[in-house]
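A structural walkthrough
Single-letter residue listing:
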Amino acid sequence: KEMNIDELALQCEKEALHHSGAIQPFGALLRLDTDDNLITHASENLPSIAGIESSQMLEQSIDSYDWLREGLSRLSDKYGKPFFWERAVKLRDWLDVAMIRTENGVLVEIERNELPDVHYDIQYYRQQLIKPIRESNELEAYHQMILEVLNVVTGLSRIMVYRFHPDWSGEVIAELAASGLGSYMGLRYPASDIPAIARNLYLLNPIRSIPDIKAQPIPIIGLGDQPVDLSRTDLRSVSPMHIQYLENMGVAASLSLPIKLNGQLWGLIAGHHHAPLKLSRYQRHLCIELVASYNLGLTNYFNGNRLKTLDNLERKAKQLLNKIFVSGNPLDNIDDNQREIMAFFQADGFAAIFDQDVISVGSTPDMNDMAAIDAWFGRQTDEVVSYEKLCDIFPDYPLLLAIVSGMLAIKIDLGRRGNFRFFWFRKEEKQEIPWAGNPNKPILEKADAIVLSPRRSFEKWVEVRSGYSLPWTDQDKLLATKFRKIMLHWL
Ligand code: BLA
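Quick caveat: nothing in here was measured; it's all calculated off a predicted structure. (Residues numbered from 1 in each chain as written. Predicted model: local features only at pLDDT ≥ 70, side-chain atom pairs only at ≥ 80, totals over all residues. Heavy atoms only, no water.)

1. Some words on the overall build of the protein
- Scanning the protein for helices and strands turns up 14 helices and 22 strands.
- Dimensions of the protein, computed from the C-alpha atoms along their principal axes, are close to 85 × 55 × 50 Å.
- Expressed as a percentage of its 491 residues, the buried residues of the protein come to 48%.
- For the protein, long-range pairs separated by at least 24 residues make up 65% of all intrachain contacts whose partners lie at least 6 apart in sequence.
- Each charge sign in the protein was given a centre, from 53 positive and 65 negative side chains, and these centres are 3 Å apart. (Helix = DSSP H or I, 4+ residues; strand = E, 2+ residues; numbered from the N terminus. Buried < 20%, exposed > 50% of the residue type's maximum accessible area, 1.4 Å probe, protein only. Contact = heavy atoms within 4.5 Å. Lys, Arg positive; Asp, Glu negative; His and termini not counted. Charge placed at Lys NZ, Arg CZ, Asp CG, Glu CD.)

Structure (structure tokens):
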């Protein structure tokens, strides 16, 4: 049995992860209502972690506990974490306490930590991580640097840089793994492996640690029927779907941190361990700090690079359009410079239409198909469009695919003075995608029912994708918009 991957993705978005009502047992949780000065919720493992009866604290006034009052007085008013974290000497000197102010009350995380703080020898890595990346060939070493230092701090048996594609599928682009574990390098994973509802939590909490997939979740008990919002606490219990996933992968513990570029999720640091692995708050804190440096390094590099390339291309576009419009008949000039125009977007074909006149070079649809495309484009409100699979829009033009699959087009409508249309075409490019397991097999048949489940096999499964051209990148689209603006100036 197979399930359509889009249906699956929808199913996976329905689990309200932040309202699970339970935590992982590596710590205990309290929720404080600071308006009413009340302890409203406590996890059932409070006695075993902190030696305090849950029932004793519940519904008590916050003021009855000096260490809570003191912690609160040191919390900033902003949301986020950890605004307060210390070894809670007053409570027990082997307890770490962190407080997190949320939109709705304060969460208190209490963890046992009987280990002395370890000194990690990571000064070298810290220095390397804040050195600017200059060339693209330095990127690989930069990724490797963050993996190595995280390995020093955590001892994880596999750590990866996982990069999202525009459709939110993802790819392992760097990896550090203990010997004998095999490699996931280059493998692709479908978007539904990490649903949006899980991805978005990384914008609220920069770390997700699952020390033991076999650990029983601990219920949170408390007042009222409103579930506590667990988005910002490290202790949030784990989705059963994901527990199954990790089990299928043969993983006992996992750790992940978001890679954010310009405020957006670009990828994840994803780590696995072959055995349960509890990281102390200090270790997690170091991981967050190190990944923050790495994020800044990547952001600087990509932003700088993007500016440089765009500047360069824009300058070239201006020169080219100068040649076309500065004197003589633009259509004749376009004719003379077609190959150069085509190369701008690594296209296999190019066509320009000015009212009834058409010129074309390379692989372009025949006159009949071209007329249909032109008429269709005329009806679109967008002045810049791009497609990787044209035959989705023109199912009745079977010959089209044989010639081209991708199209990037711009138009300028000058009313009575006519209409300008530029089209760049790319041929079909058969792509081989090495998925980690067949992404269409994430279901189980139980008795008569079909149950949604993570796929069981992560063996490499190669999909041959046909009908698509190479994708038009964000840079292509931005450049097309600039191209159009420069033309407007001349027309
Ligand atoms: C969460 N899925 C995750 C997370 C990762 C992945 C990294 C974040 C939690 C963590 O760090 O473990 C996926 N892990 C990967 C991938 C690699 C890896 C791709 O190491 C590649 C090497 N998962 C499914 C299906 C569903 C699903 C079918 O396969 C939904 C029905 C859901 N994944 C799912 C959910 C979470 C998740 C709900 C959130 C788990 C949680 O935080 O509680």
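2. Details of the site of the ligand
- Surveying the vicinity of the ligand reveals 29 residues, the closest of which are C12, H242, S254, S256 and H272.
- Side-chain polar atom of S254 to an oxygen atom of the ligand: 2.6 Å apart, as the coordinates give it.
- Contact with the protein chains removes 98% of the 880 Å² of surface that the ligand exposes when unbound.
- The set of elements that each furnish at least two residues to the shell around the ligand consists of α1 (5-12), β7 (158-164), β10 (208-210), α8 (240-249), β12 (253-261) and β13 (264-273). (Near = heavy atom within 4 Å. Polar contact = N/O pair within 3.5 Å; in protein donor to acceptor, adjacent residues only side chain to side chain. Areas by Shrake-Rupley, 256 points an atom, 1.4 Å probe, with all protein chains shown as cover.)

3. Examining the side chain of E111
- Relative to the helices and strands, E111 is located in strand β6 (residues 105-112).
- At a separation of 2.8 Å, a polar atom in the side chain of E111 contacts the side chain of K278.
- Here R281 takes part through its side chain, which lies 3.0 Å from a polar atom of the side chain of E111.
- Apart from residues lying up to four places away in sequence, E111 is in contact with F26, G27, I49, W94, L95, D96, K278, L279, R281 and R284.

4. Some words on the pattern of salt bridges
- Scanning the entire structure with this criterion turns up 17 salt bridges.
- In this structure, R232 engages E103 in a salt bridge whose closest nitrogen and oxygen atoms are separated by 3.3 Å. Taken together, the residues R232 in the loop between β11 (218-222) and α8 and E103 in the loop between β5 (95-102) and β6 connect sequence positions 129 residues apart.
- Overall, the relative accessible area of 11% leaves R232 in the buried class.
- R484 serves as the salt-bridge partner of E383, at 3.4 Å between the closest nitrogen and oxygen. With E383 in the loop between α12 (367-379) and β16 (384-387) and R484 in helix α14 (residues 474-490), this pair connects stretches of sequence that are 101 residues apart.
- Linked through salt bridges whose partners overlap, the residues forming this network are E109, E111, D234, K278, R281 and R284. (Salt bridge = Lys/Arg side-chain N within 4 Å of Asp/Glu carboxyl O.)

5. As for the domain arrangement of the protein
- If you check the domain split of the protein, you get domain 1 (5-303) and domain 2 (327-429 + 471-490).
- The straight-line distance from the C-alpha centre of domain 1 to that of domain 2 is 48 Å. (Domains from an automatic or database assignment.)

6. A few points about the packing of aromatic side chains
- Counting across every chain of the model gives 28 aromatic pairs.
- Where Y65 meets W67, the ring centres are 6.4 Å apart and the plane angle is 75°; that geometry is what we call edge-to-face. Both residues of the pair, Y65 and W67, count as buried.
- Taking 5.4 Å as the distance between ring centres and 55° as the angle between the ring planes, the aromatic pair formed by F350 and W424 counts as tilted. One end of the pair, F350, is in strand β14 (residues 349-354); the other, W424, is in strand β18 (residues 419-426), with 74 residues separating them in the sequence.
- W424 gets classed as buried once you look at its relative accessible area, which sits at 0%. (Phe/Tyr/Trp six-rings, centres within 6.5 Å; stacked < 30°, edge-to-face > 60°.)

7. A closer look at the pairing of β13
- In terms of burial, β13 is a largely internal element, nine of the ten residues being buried.
- Bridge analysis of β7 against β13 gives six bridges, and the strand direction is antiparallel. Its bridge partner lying in β13, R158 is registered against H272.
- Hairpin connection from β12 to β13: two residues lie between these consecutive antiparallel strands, with N262 at a positive phi of about 50°. (Pairing = 2+ DSSP bridges.)

8. Some words on the packing of helix α6 (residues 139-154) against helix α9 (residues 281-325)
- Look at α6 against α9: their axes get within 10 Å of each other, and the N-to-C directions meet at 175°. If you check the angle between α6 and α9, you find them roughly antiparallel. Along the contact surface, α6 presents L139, Y142, H143, I146, V149, L150, V153 and T154, while α9 presents Q283, L286, C287, L290, V291, S293, Y294, G297, L298, Y301 and F302.
- For the contact of α6 with α9, the residue count by class is 14 nonpolar, five polar and no charged. (Axes fitted to C-alpha atoms, helices over the stretch in contact; angles between N-to-C directions. Parallel < 35°, antiparallel > 145°, perpendicular 65-115°, else oblique. Nonpolar A, V, L, I, M, F, W, Y, C, P; charged D, E, K, R; others polar.)

9. Describing the nonpolar core
- Residues I146, I269, Y294 and L298 are the most contacted members of the largest nonpolar core, which totals 34 residues.
- At eight residues, α6 tops the list of elements feeding residues into this core.
- Contact partners of L298, with chain neighbours within four places excluded, come to I133, L139, Y142, H143, I259, L261 and W266.
- Formed by 29 residues, the second largest nonpolar core is a distinct cluster that contains A317, I334, F345 and L408. (Core = buried A, V, L, I, M, F, W, Y, C linked by side-chain atoms within 4.5 Å.)

10. Examining the packing of α9 against α14
- Their axes nearest at 10 Å, the elements α9 and α14 cross at an angle of 35°. Note that α9 runs across α14; the crossing there is right-handed. Here R306, T309, L310, L313, E314, A317, K318, L320, L321, N322 and F325 of α9 come into contact with α14, specifically with Q475, L478, L479, K482, F483, I486, M487 and W490.
- Across the contact of α9 with α14, the residue classes break down as twelve nonpolar, three polar and four charged. (Left-handed = near helix turned anticlockwise from the far one by under 90°.)

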